[in-house]
Amino acid sequence: MSRARARTAYTGETLQQAEVQLRNQVPGMALVPDATEPEQALLEFRVLSALAARIGRHAPARFDHAPYGIRASSPTAGNLALYLTDEATTLLADAVVPRWTYAAGVTGIEGLRWRLLGRNRVSLYVPGQAAELVLHNTAAVWKRALAELSASQPDAVAVDASDNPWQPVERLAARRFDRPHAELIARGSTALRRIGLWRDAVEIDFAKALPTMADLVGPHPELLLPTRARRPAGVTVACVAQRGGTGRTTTVVNVGASLAEAGKRVLIIDLAEFNGLLDWYASDRVEQARSAEARAAMDRLIATGDWSSVAEQVITLHASDGGGRLAVLPGPVDCTQAQLRALLVAAAATSDLVLLDAPPLGAGPAAAYAAHLADAVFTCVPVNQAIFGTWETSDSDRDEAVLARDELWSWLDDAYDRYVDLAEVLRIQAQGDELVAPNEMLDNALARIGYTNEPLGDCLAALSGLDDVYELLDEDDSVTEDELTDEHRAREAAAAARVEAWREANRAPFLTQVAETGRSLFGSTWDTEHQGWIEHNAGLLDVPADSIEPDHSGERGDDDGLAEDDLVSEPDIAMEFIPYSAEEIAAELERILHESGVAPEDVGGRFLGLVPTRIGQRLVEAVRGLPESATGLLLSPGIPSDSAVQRSVSFGQLFVITEPDCPASVAIAQLADALYRRVLDAGATQR
């Protein structure tokens, strides 16, 4: 579509009029420029407000698809031309020409003057100000309307049309005029310049409420940005997942930091309703991000494409010595697809890579919009090692018993970690000092297992929504590690001691509650080994179960965060990973993708792959050795969770920066490189 035809959708001009206006524009100007002078914007706002007040709620079809009788607008940066119906011209004259009576004082727009121009035009202007509107094809109607007004209001004193100074009564009225907020003026001015957007509206009433900036985006937001401000657009990549607790936000922010370290300009748009990314990594800016001013700034950006509108809302998380930077922008709440498209166009013009941290797919339409509009899409999914293969030893009964015990203990570890987290959340919600056992939620999770056959820990995570859980766990702990005082450390130590005491005291009741399900899943292993789990786990770190794999080498398991004495199996048993067939693994990964709501066929060639999370380092190495026919859907072999990751995340730190040599950081760096390379290879951006 040509720029001229696109412009007609906003202004209502004929194609020929639009072509003429674009030929006369200063090179690089936006398709539909906004007023550059504040007084010009104010005059346009007041003209539209006056017409809207006179006409009220109406269907544009009443005026031959001319909203408020405005057939078309022809905006330039310095002024605005309007094409009005005869009826609208008469109403406008009555509404804006200043007159004075003893009873009503000054009516109309104080200081407004008019003069006749050639070719049947009328100029409306304010002496001494850079403000002018030109009415086309209306001179005769305008003069007749003024004559009728004079006859109908013999007591009113009309201000002379000549270029004379303001009258004293006008200056007094101007001082009493309550000038609207700049954001409201901008909305009115922009609405008048883009009046063509409402030609086919069923009904409008701007007197009751002006359009928001988001309403003013229109069908071609990518053309609203001044061309001289454009640069080769960066690429937009969305990370989506079916639910919370998948490691999505942690992965996105650390991938961004890794690319920033490599010299890239990376922007993360946090689309989650409660801005969970900010809660973890910029807690001091959360209140500002959710303010009315921030929402108004976002509306202006979406409407105008002017990135300076949100300059104060962009939060820098990391800047590298090589010129790279990682920043985050809180996204709009309840945005439409068109509004998100406009935001992405503007954001891509400022960055090499724009990462969209989308909310869970079931939490609203924002994630679906992100997946549809982004140049590329990937997803994070917690993956169990049983998808890829199995760890095997010799066939002795002793070895089989050890493996069965390890599987049971891992199942209990994962579930109990979630159980304790939820108990702490219930304590916070109850505003008490003691943790509250989430027994009802545990019963629901146990019932769900009978239908889904998923791990108990995953059931608890799905039913509780881990993103919200972790937000509550951290909401009253917004200080950074550098800002910790002795009082903070003492409070944290006391809280940690309280949690640990509760954890150990409630293991036995937890076992009793899950016993029936555990016995049905693990048979005789439950009867012989479940009590040993309590003794073995005294003092263990809270590590996700999927990251605790059998380590029988006798060496420290750095990949799972456990000390040597904590290894769950005998040290003299040799373990070997036996993969399933490539066809079985590929089919299982495809099933997982469809269950996660991110089927590759839904996003076409824009799908980059799946990132396994909550996976142990030993399994990551095993997956690396699988044939490409088995792992073609993977963007990464996996992001392991270890103590270094947990420590950094708990303090709102970027672990790729604070712990660059840990296995998770190495995996993130490789993921970032693969992601950026695949995007470029797919041609999603031009370089």
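Residues numbered from 1 in each chain as written. Predicted model: local features only at pLDDT ≥ 70, side-chain atom pairs only at ≥ 80, totals over all residues. Heavy atoms only, no water.

Novice: What is the right way to read the overall build of the chain from this model?
Specialist: On a plain count of helices and strands, the chain comes out with 27 helices and 18 strands. Within the chain, the proportion of its 687 residues that are buried is 53%. A fraction of 72% describes how many contacts in the chain between residues 6 or more apart in sequence connect residues 24 or more apart. Of the accessible surface of the chain, which amounts to about 30100 Å², a share of 50% is contributed by carbon and sulfur atoms. (Helix = DSSP H or I, 4+ residues; strand = E, 2+ residues; numbered from the N terminus. Buried < 20%, exposed > 50% of the residue type's maximum accessible area, 1.4 Å probe, protein only. Contact = heavy atoms within 4.5 Å. Areas by Shrake-Rupley, 256 points an atom, 1.4 Å probe, with all protein chains shown as cover.)

Novice: Sorry if this is basic, but what is going on with the pattern of salt bridges here?
Specialist: Where charged atoms from two side chains of opposite charge approach closely, those side chains can pair. A full pass over the atoms with the stated rule returns 18 salt bridges. In this structure, Glu44 engages Arg193 in a salt bridge whose closest nitrogen and oxygen atoms are separated by 2.9 Å. Taken together, the residues span a long stretch of sequence, with Glu44 in helix H3 (residues 38-55) and Arg193 in helix H7 (residues 182-193) at a distance of 149 residues. For Glu44, a relative accessible area of 0% gives the class buried. A salt bridge links Asp673 to Arg677; the shortest N-O distance between them is 2.5 Å. Placement of the pair is Asp673 and Arg677 together in helix H27 (residues 663-681), with a separation of four residues, close to one helical turn. Judged by relative accessible area, which is 45%, Asp673 ranks as partly exposed. (Salt bridge = Lys/Arg side-chain N within 4 Å of Asp/Glu carboxyl O.)

Novice: For this particular structure, what's the right way to read the side chain of Arg187?
Specialist: Within the secondary structure layout, Arg187 lies in helix H7. The contact partners of Arg187, leaving out residues within four places of it in the chain, are Leu210, Pro211, Thr212, Met213 and Leu216.

Novice: Where do I start with the nonpolar core in this structure?
Specialist: Note on soluble globular proteins: their nonpolar side chains tend to be buried together. Within the largest apolar cluster, 52 residues are counted, with the highest numbers of intra-cluster contacts made by Val240, Ile269, Trp307, Leu340, Leu343, Leu356 and Phe388. Of the residues forming this core, the biggest block, six residues, is contributed by helix H12 (residues 337-348). In this structure, Leu343 is in contact with Ile269, Met298, Leu301, Ile302, Trp307, Leu329 and Pro332, ignoring residues within four places of it in sequence. Core analysis: the next-biggest nonpolar cluster, separate from the first, contains 47 residues, Val47, Val97, Leu112 and Trp114 among them. (Core = buried A, V, L, I, M, F, W, Y, C linked by side-chain atoms within 4.5 Å.)

Novice: Got a minute to help me understand empty space enclosed by the protein in this structure?
Specialist: The method is simple in principle: a probe with the dimensions of a water molecule rolls over the atoms, and the space it marks as empty is what remains. Under the defined criterion, the tally for this structure stands at two cavities of 30 Å³ or more. As a volume, the second largest cavity reaches approximately 40 Å³. Taken together, 10 residues line the second largest cavity, and the ones lying closest to its centre are Pro221, Leu224, Ile302, Gly305 and Ala342. Within the residue set of the lining of the second largest cavity, elements represented by two or more residues are helix H11 (292-304) and H12. Class assignment for the residues of the lining of the second largest cavity results in eight nonpolar, two polar and no charged. (1 Å grid on protein atoms, 1.4 Å probe; cavity = no way out; pocket = protein on both sides within 12 Å on 5 of 7 lines; lining within 4 Å. Points joined across faces, edges and corners; volume = space filled by probe spheres on them. Nonpolar A, V, L, I, M, F, W, Y, C, P; charged D, E, K, R; others polar.)

Novice: Hey, could you run me through the sheet that holds strand E6 (residues 121-125) in this one?
Specialist: Backbone hydrogen bonds are what pair the strands of a sheet, in a parallel or an antiparallel way. One open sheet accounts for five strands, arranged E1-E2-E7-E6-E5; its pairing is mixed. Of all strands in the sheet, those with a lone pairing partner are strand E1 (70-75) and strand E5 (113-117), marking the two edges. For this sheet the average axis-to-axis angle between neighbouring strands, irrespective of direction, equals 20°. Relative to strand E2 (residues 80-84), E1 runs antiparallel, the two being bridged by five bridges. What sits directly across from Ser74, in E2, is Ala81. (Pairing = 2+ DSSP bridges. Axes fitted to C-alpha atoms, helices over the stretch in contact; angles between N-to-C directions.)

These figures come from the coordinates and say nothing about function on their own.
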